[in-house]
Amino acid sequence: KVENKIDVKYGPLTPAHRTDEAMERFRNYGLGQFIHWGLYAIPGNEWEGVSARKGAAASEWIRTWSGPTAPKDWKNTYDNLYKQFNPTGFDAKKWAKQAKEMGAKYLIFTTKHHDGFALWPSKYTDYTVKKSPYKKDIVKQVVDAYTAEGIDVFLYFSILEWNNSNYMGKAPSTPEEKAKFNKFLEYTRNQLLELLQNYPQIKGFWFDGTWDQSWIQAYDFTYKLEKELREKHPGLIIGSRFRNDEFGKRHFDSNGEMLGDYEQGWERKMPKEFEWLEGRDWDCVMTIPPNGWGYMKDWSGIYTKTSEDLIDMLMNCVSMNGNFVLNFGPDGNGLMHPGEDKLAKEIGDWIKINGEAVYGVRHAGLAPSKLGYFTKKADNLYLTVFNRPVNNIVRIAVPKNAAEVPVEAVLLQDGQSLDLKRSDIGLDLDRNTYYDVVLPGTFRADQAFVVKMKLGKPK
Ligand code: JFZ
C-alpha cells in the first residue's frame, strides 16, 4: 500500500470491486479453460523434428528461438506456416463439449498471439486465417460453440506483434517512428472494436504482450481505448495486464490501485496467502508442461502435471477467491493432445462429484489446514482433503468466539454422515476451538475428497 498518494491522471477506470452481474459471474466461475492455438501448433515445439529446448522454452515462442534447432530464417519459414494451416480435424463443438464435461465455466481463447496471425478474418491485416487453406473464421466457431454450451468466452489478444513492421519494442523517438507506431495503435484499436462487433457475446478481453516501452508510453491512448471498449460493451471485463499509468506503473498504478477489474499477474503461480490479495479478484493461468502454452508434440522427459496436481491448484485458488484457468494447446489439425484429453476427463469426473465445493464458493476465513483447502458457500463449509490423516481425524481449528462453528458433517461424495465432536486437543485453546470430523476406519480414498460441514451457532 502506498502511503502518500500522488496525483494520477491515468489510474483505474472502474471501481476496485465491481458489483455488477458480469463481475459476480466471474467470481463464481471457479474453473476456466485457456486455449493457445495458432501457427505455432504446426511445428508443435519442434523444428525439423528436433526440440533442443523442450521444457525450457515455450512452443508458441518458437519463431524467436535461437540456436541450432531454431527456424533458421523465420521470414521464409515460420511466417509461411499459414500456407499449411488447414486444421481439418477442428471441431469447435467437440472442444466446447469437452470443456463443459471438464467443468470449465469460462474460456480464454487466443485470437492473435505474438506472431500476429489472426484466427479471425480481420479487415485490418492480410495475415489472417482467411489467407490460409482453411479460410473459415475460427474465432466465430469457438465463440458460438462455447456460448451454446453455457461457457462464457474471453478473448486473449496480444498487443505485441513480431510480424508487424509498425510495431516496435522501444519507445518511438523519431517523427517517422512515431508515425509508424501511431498507425500500429490505430490498427490495434480497429482490431479490438472489430472483435467486439463481430462477437458481441464475449464477456471480456485477456490482454498480453503489453510490456514494451512503446505501449507503456502510449498511456493516453490506452486509457481512452479502455474507456471506449467499456462504453461499447457494458459489463466488459478487462484484467490488470492491459495498461499502465503515466509513470509507467503496470497492473497497479502509482498509488497501488489496480488497473482493470481483476489481478492478472498470476501466471503459473498463485498467491501464498489470502491476505496478500487484499480482497482483489484474480485468476491464475496454468500450463500442463512446466512451461509452454502452444502445442507440444512430445511430452516425454518433462514433468507434466497430473489431475491430482491440477485439482490441488484449483482448490487452492478457489479457497482464496481466485479462478483457476487450465491451458490446452491443440495441434495443427485442431485436436487436443491425448494427455490433455485424459486430464480433462479426470478433472471432470472429480468435479462431477465434488463441484459443490468448487463453484460459487468464497474464502472461508479460517486458518489454513494442513489437510487441504477450505471453501465456503452460505452456511456450508467444505474442506477438500488432499492429505489424508493417518489417525482418520479431520481436525478443524475455529477461532474462539466465532459466531458459526461446524455442527454437522458429511462426506460430499456419498452423503454419509460423519461423526463430529469437539476435541479440545489443540495447543492454543486460548485462541481456537477444535472440531474433529472422524472418518470411518474402513474409508479409503485414492483421490481428494470433500468433507462438507453445516455451520451453526456453537452449542
Ligand atoms: C505470456 C506469453 O508470452 C505466453 O506465450 C503465454 O501466452 C502467456 C499466457 O502469456 O507470457 C507471460 C506473460 C507475463 C508473465 C509471464 C509470461 N509474467 O508476468 O510473469
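Note that the coordinates shown come from a computational prediction; the quantities given were computed from them, not determined experimentally. (Residues numbered from 1 in each chain as written. Predicted model: local features only at pLDDT ≥ 70, side-chain atom pairs only at ≥ 80, totals over all residues.)

## Here we look at the overall build of the chain
Stated formally: Where helices and strands are cited, they refer to DSSP runs of H or I of at least four residues and of E of at least two residues respectively, numbered from the N terminus. The atom set for the radius of gyration is the C-alpha atoms, and the globule formula is 2.2 Å times the number of residues raised to the power 0.38. Exposure is read from a count of other C-beta atoms within 10 Å of each residue's own; the residue is exposed at 12 or fewer, buried at 20 or more and partly exposed in between. C-beta atoms are placed from the backbone. Any residue pair is listed as a contact if its two C-beta atoms, each placed from the backbone, are within 7 Å.
Check the secondary structure of the chain and you find eight helices and 15 strands. Relative to a compact globule of 459 residues, whose C-alpha radius of gyration would be 23 Å, the chain shows 24 Å and is just as compact. By residue count, 41% of the 459 residues in the chain fall in the buried class. Across the chain, every contact between residues at least 6 apart in sequence was considered, and the portion connecting residues at least 24 apart equals 70%.

## Topic: the site of the ligand
Applicable threshold: Note on definitions: a residue is near a molecule or strand provided its C-beta atom, placed from the backbone, lies within 6 Å of it. Three categories are distinguished: nonpolar for Ala, Val, Leu, Ile, Met, Phe, Trp, Tyr, Cys and Pro, charged for Asp, Glu, Lys and Arg, and polar for the others, with Gly belonging to the last.
Surrounding the ligand, one finds Ala58, Glu60, Asp208, Gly265, Glu267, Val285 and Trp293. Considering only residue class, the shell around the ligand consists of three nonpolar, one polar and three charged.

## Details of the pairing of strand 13 (residues 417-422)
Here is the rule: Only when DSSP finds a minimum of two bridges between them are two strands counted as paired.
Looking at chain direction, strand 12 (residues 405-411) and strand 13 are connected through two bridges and run antiparallel. The partner of Val410 across the bridge, within strand 13, is Ser417. With four bridges connecting them, strand 13 and strand 14 (residues 432-438) associate as antiparallel partners. Pairing of Lys421 across the sheet is with Asp436, part of strand 14.

## Some remarks on the sheet that holds strand 7 (residues 282-286)
For sheets, the rule is that strands pair by backbone hydrogen bonds, running either parallel or antiparallel. If you walk across this open sheet you meet the eight strands as 5-4-3-2-1-8-7-6, and the pairing is parallel. Two strands bound the open sheet, and with one partner strand each, they are strand 5 (237-238) and strand 6 (263-267). Relative to strand 3 (residues 152-158), strand 2 (residues 106-112) is paired through six bridges, and the arrangement is parallel. Looking at the pairing, Phe109 lines up with Leu155 of strand 3.

## Regarding unusual backbone geometry
Its identity is not glycine, yet Lys135 carries a phi of approximately 70°, on the positive side. Mapped onto the secondary structure, Lys135 falls in the loop between strand 2 and helix 3 (138-148). The backbone of Asn392 shows a phi angle near 65°, a positive value even though the residue is not glycine. Here Asn392 lies in the loop between strand 10 (380-385) and strand 11 (393-399). Of the residues examined, Asn392 has 15 C-beta atoms within 10 Å and is grouped as partly exposed.

## Looking at the confidence of the model for the chain
This is how it is decided: Confidence scores here are pLDDT values: one per residue, from the predictor, ranging 0 to 100.
When pLDDT is averaged across the chain, the result is 95; 97% of the residues are at 70 or more. Note on the complex model: pTM 0.97, ipTM 0.95.

## A short note on the environment of Ala448
Mapping Ala448 onto the fold places it in the loop between strand 14 and strand 15 (449-456). For the pair Ala448 and Arg388, spaced 60 residues apart in sequence, the C-alpha to C-alpha distance is 8.3 Å. Not counting the four nearest positions on each side in its chain, Ala448 is found in contact with Ile311, Gly372, Thr384, Val385 and Phe386.

## Overview of the nonpolar core
Soluble, globular proteins show a tendency: their nonpolar side chains are buried together. This is how it is decided: By our criterion, buried Ala, Val, Leu, Ile, Met, Phe, Trp, Tyr and Cys residues that link up through C-beta atoms within 7 Å make up a nonpolar core. Residue ranges for the domains originate in an automatic or database domain assignment.
Leu107, Phe154, Leu155 and Phe324 are the most contacted members of the largest nonpolar core, which has 103 residues in total. Per element, the largest residue contribution to this core is six residues, and it comes from helix 3. Shared between two domains, this core holds at least three residues of each, these being domain 1 (21-357) and domain 2 (372-456). Excluding residues within four positions of it along the chain, Leu107 makes contact with Gly32, Gln33, Ile35, Ala99, Tyr146, Ile151, Val153 and Phe154.

## A word on helix 7 (residues 307-319)
Heads up, the rule is: Residue count minus one, scaled by 1.5 Å, sets the expected span of a helix.
Between the first and last C-alpha of helix 7 there are 18 Å, a value that for 13 residues agrees with the 18 Å anticipated at 1.5 Å per step. Along helix 7, the positions that sit buried rather than exposed are Ile311, Leu314, Met315, Asn316, Cys317, Val318 and Ser319. Its buried side turned inward, helix 7 meets strand 1 (31-35), strand 7, strand 8 (322-328), helix 8 (338-354), strand 9 (372-377) and strand 10. Two residues or fewer after helix 7 comes Asn321, characterised by a positive phi angle close to 65°.

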